[in-house]
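Residue-level structure breakdown
Read off the chains here:
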Amino acid sequence: MTTIVDIAVSNSDFSTLVAAVSAANLVDALQSPGPFTVFAPTNNAFAKLPGGTITTLLQNIPQLARILTYHVVSGKYYKNDLRECKSLLSLEGSPIDFWVTDEDFEVNNATVIAPDIEAENGIIHVIDTVILMRPHWFHPIMEFGQSQIGEQQPY
Amino acid sequence: MLSALIWLPAIGALITGLVPIKSAKVSAVIVTTIVLILDILLLGQFNLGESNFQFQENLPWLDNLGLNYTLGIDGLSLPLVVLNGLITWLVLCFDREIEERPRLFYVLGLLIHSGVSGAFLSLNTLLFVIFYEIELIPLYLIIAIWGGRKKNYAAIKFLIFTAISGILILAGFLALAWLAPDGLPLFDYNALRLVSLPLQTQVILLLLLLCGFGIKAPFVPFHTWLPDTYVESATPIVMLLGGVVAKLGTYGLFRFCVGLFPDAWSLLAPWLALWAGLGILYGAITAIAQKDIKRMVAYSSIGHMSYILLAAAATTPLSLIGGIAQMVSHGLILALLFDLVGIIEKKVGTRELDVLNGLLNPLRGFPTISALLILGGMASAGIPGMVGFIAEFLVFQGSFSKFPIPTLLAILGTGLTAVYFVILLNRTCFGKLDNNTAYYPKVFRTEQIPALVLTSIVIFLGIQPQWLIRWSETASVQIADRLPAITIVSKTLQK
Amino acid sequence: MPSTLIEPTTKLPPSSHPLADIIHRLERGGSMLPDTPENLMQIIGLYKAYAIPMDFYWRDLLYIAERVFLDPLPAFKYFLPQEYLDLPNHYAGETADLRIWRGYSTAHQELLDFMAKGELKTKIPKLFHHLYHDRINMEFAEECMRAMFWHRNMGGLLEPYMDSEEYKQNADRVIRAYFAGNPIMLGLYRLFPDLFIEQCRRATMYSVLGLFWEVMAPVFLEMSDIYDEGGFQGVPDAMNFLVNGIFAIAGRPIYHRVHIRGEWFDVVPKSKGFTWLYEAAFPYVEAIFYRTSPFRGTKSYNAQAEQVPKDQNDFHYGILYADKFPVASAGIPPTLLHQDMYHFLPKYLVDYYQKFCRGNDDMLIQLAVSFQRSMYNVTSAVIQAGRAAFLYPLDDPNPRHLMANRAYFEGQLSRFSNPKYNMNQAAKILAIQSQDYR
């Protein structure tokens, strides 16, 4: 079978990701046995970022690596495995949130457009948005507004 | 010289009334400035060692009525005349933005000045009453026209009270004139001083005059007109009223009550001292309870006038000097406080203690005005270094040996003065300026001048009190000498 | 004034939040600050007035972090050497990594002119300008640094890193190198090692704030230039410029290094991957805009009467809550910053202020209020940037996503309507909705 990196390289939709991963010297890591679960943003996802973001990151490799490792979780997680799981720690160290139902499969604010692509050393879920580390105040803030209004709203 | 002090403003009032509205102010400024210069010249020419009246003028007028135009000045009236000149000058010269009928305002202001000076300078009791009553009419009009919301009520109350005061005084003087031995009605002050009446008659006449002057000053319980009148009057008027006009009451006390009835005075003195002590406490305690800063200052005035009564009751030379000093010091400080309170009211639009806050703020508050208010409050509370301390200390020093308990009450009252001024200053000057409401217009330099002038005098006389008390030393000794020792009188009464 | 506001295709029911109007505005891509030409003029003018002293702040902060470091008697730490005045900004000028401002990379000309002559407009020795406070007041910048340093649990990885063994070893190496040949200080270091390490952490915070402002100064200058050219149509445009700036620069490394005898020593190496957004911007906004600390002034606080929150998380003394009346302290509200900005106000703002309140006499307060407005706009940009980074586009068709956005906005704005410790009364968000608040 092929590694995560091989799958990414073979698909032209991931050219930006591949370029970023090789710039950040993470190719070897992602070729190691792992296993990993990778949330792979497409070229379109990168294109959604405002201009300059990528430029700055490419100038600063450690910072780029940090963003990229946020897209990787140690272990093999299929969509179904994530149903019961609200969040997982990324390799970067910050948690990634999941929202999984029969119809939806969302990772932070990204939607998975192609789940469960299997590789030799892990799983790839293709996402439509580059995900960014949610700061520790994010969840308290999301709940704070409701607590003041006094009514529960789903989100 | 003395006539000039009376008639110059009167003629000035006439001229001011005739010139076009735009030059009314110029005319008033010129007149008051000349009067003030005359006052200062008078200070220079006054003979400190002379115990008699100086610059006497005597013109027969209605001889068979006993009404003569007799003027004179001594160490008692001199400081008050100068005070009158100074405060009128400050009030009329510096822009008060009198928008409504400015010409009439200046005319009335000059007439008041003329009447008050006349009363201070008269050596004929009837002439005194005439001036005393004359000054009422412009005062009534000035309160009723430029006052606050309840100005008509306040003006009428003021008029009724002071008219009664005038009637009582007139009654006292008439009785005195008719009871005089010569048969002819006798109104001449110098002559009256030589008349000696039976003690009982003296006491009755003294009580009449006490009530009359007590209303004017005022002393508790004749004070009820004061808070309303002071609070409803416009700032310049209340400066005149509190600073000068009220001093007519205490002046009358010294001049006529103590001066004409020394025996009766000695008899009543212990009670008067107690009355003064209680009045001081009453004024201070009511002031503490006030929520309106102008009313608070008005009540403080009631308390502070009673110091003068205490000084008069003690009639030691020291206490009398203190009493006269207190008249001047109180006039200066009260005018200063009312001026500042008036500026705050004009700029902020309220006098409520609970609303005012943080006015010391350097950019949006009134730092200078607040700082002066703090100084004024300290002066009024008798903090050393300012004129209030000198006057009160002299009063206490002079009275304590004679009436220890009332003096202690008065000292307590001074302590309470500090209490309500700390409340006032803490609420208005300190704290946090409200972000939502503090868009007050700024205070212009010209508006600050009267307060700055008054403050510099208050501080100067506090550091150099000799300049305040030197005028009245001789007069005080003279008044005190005429009084029999209190114990002696009581003994004669027992016989 | 037409500005690019979004009309979402999917409609949500109206919010029941106390600040619902502002939430709806944020949902349409607006700012917390109402979109009026007057507001736009005020905030842009203030950005310009802020950017120039900021150009000094970041240079001096880096100078203190890198050169003064642990000097026990740093009497001349505000005397910026030419080297730091010429230090090229990484985000301005020809050599920039990413050119945010079209201008030059060295210290701003207006700043240099002011430093030469000061408010006195006379050339006297620098020391006298300094003692007369006729200078850029670094005290304000240091107060900001202290607030960021003091408030813990602000997020980011730097704070845990500063407590790590690795940091202590780095600090130890740098402190030994810095005090090499100084037996007294080395002896003291041996006696009180934690004290020195803590001072080193403080120096790190100097560096963090310096690197943060190095970016903000050119951003604000560029905004001023765009406005002068007629480029912004309204307040949301200005906010969106900031949002884009935040994204563009998010990955800028945050580090701390010290220059000792011609050699650079790393305390916090670039390779740790610390970023501008997570390790500087978010903590900065939280510490400076929201929290800071109760300041000494004409209002005193009684901690025993719980006038000061027990929990640092509840502190609310930042510029968004600030009393506009200066209290003559170096805290927040930053009187000294107002004084600094006063020197660099654009002419249109000076003319504008002269028309209101007391004109020249209270310009410091008027500009403080404008500053408050402009910082509400910056906070809006941070909120919108957070929304874009962690949540969904405003025109997302999925109602669940829009509800999440709303919950986020409501959560952010609840910080201004929180009745705890009367925060809702202290917050100036309602005041800035009106143009009469000056």
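Cut-offs and rules
Residues numbered from 1 in each chain as written. Chains lettered and ligands numbered in written order. Predicted model: local features only at pLDDT ≥ 70, side-chain atom pairs only at ≥ 80, totals over all residues. Heavy atoms only, no water. Helix = DSSP H or I, 4+ residues; strand = E, 2+ residues; numbered from the N terminus. Rg over C-alpha atoms; globule rule 2.2 N^0.38 Å. Buried < 20%, exposed > 50% of the residue type's maximum accessible area, 1.4 Å probe, protein only. Contact = heavy atoms within 4.5 Å. Areas by Shrake-Rupley, 256 points an atom, 1.4 Å probe, with all protein chains shown as cover. Lys, Arg positive; Asp, Glu negative; His and termini not counted. Charge placed at Lys NZ, Arg CZ, Asp CG, Glu CD. Core = buried A, V, L, I, M, F, W, Y, C linked by side-chain atoms within 4.5 Å. Buried area = accessible area lost by both parts, 1.4 Å probe. Salt bridge = Lys/Arg side-chain N within 4 Å of Asp/Glu carboxyl O. Polar contact = N/O pair within 3.5 Å; in protein donor to acceptor, adjacent residues only side chain to side chain.

Considering the overall build of chain B
For chain B, the helix and strand inventory stands at 22 helices and two strands. Taken over C-alpha atoms, the radius of gyration comes to 22 Å for chain B, in line with the 23 Å a tight globule of 495 residues would show. Considering only C-alpha atoms, chain B reaches an extent of 75 × 55 × 40 Å along its principal axes. A burial count over chain B gives 62% of its 495 residues as buried. In chain B, the share of contacts with a sequence separation of at least 24, taken over all contacts with a separation of at least 6, comes to 81%. Here chain B displays about 17500 Å² of accessible surface, and carbon together with sulfur accounts for 69% of that area. Put simply, chain B has 29 plus and 26 minus side-chain charges, and the middle of one group is 7 Å from the middle of the other.

Re unusual backbone geometry
Along the chain, Ala217(B) connects to Pro218(B) via a cis peptide bond; the corresponding omega equals -10 degrees. Relative to the helices and strands, Pro218(B) is located in the loop between α9 (199-216) and α10 (225-232). Cis peptide bonds are those with omega within 30 degrees of zero, and the linkage from Val220(B) to Pro221(B) qualifies with 5 degrees. Positionally, Pro221(B) belongs in the loop between α9 and α10. The backbone of Thr315(B) shows a phi angle near 45 degrees, a positive value even though the residue is not glycine. The topology assignment puts Thr315(B) in the loop between α14 (293-314) and α15 (317-348). Unusually for a residue other than glycine, Asn422(C) sits at a positive phi of about 55 degrees.

Let's talk about the nonpolar core
Residue and element names in this part refer to chain C. Among the nonpolar cores identified, the biggest contains 387 residues, and Tyr50, Tyr57, Trp213 and Phe416 are the most heavily contacted of them. With 20 residues, the single largest contributor to this core is helix α2 (residues 37-68). Apart from the residues within four sequence positions on either side, Tyr50 is in contact with Tyr57, Phe140, Trp213, Phe220, Tyr284, Leu337, Met341, Phe371 and Met375.

Let's talk about the interface of chain C and chain B
Listed per partner, the contact involves 18 residues of chain C and 15 residues of chain B. Interface area for chain C against chain B, summed over the two sides, is near 1400 Å², with a carbon-plus-sulfur share of 50%. Viewed at the interface, chain B and chain C are joined by two salt bridges. The partner of Asp361(C) in a salt bridge is Lys442(B), and the shortest N-O contact between them spans 3.1 Å. For the pair chain C and chain B, the number of links is 12 residue pairs in polar contact (both at pLDDT 80 or more).

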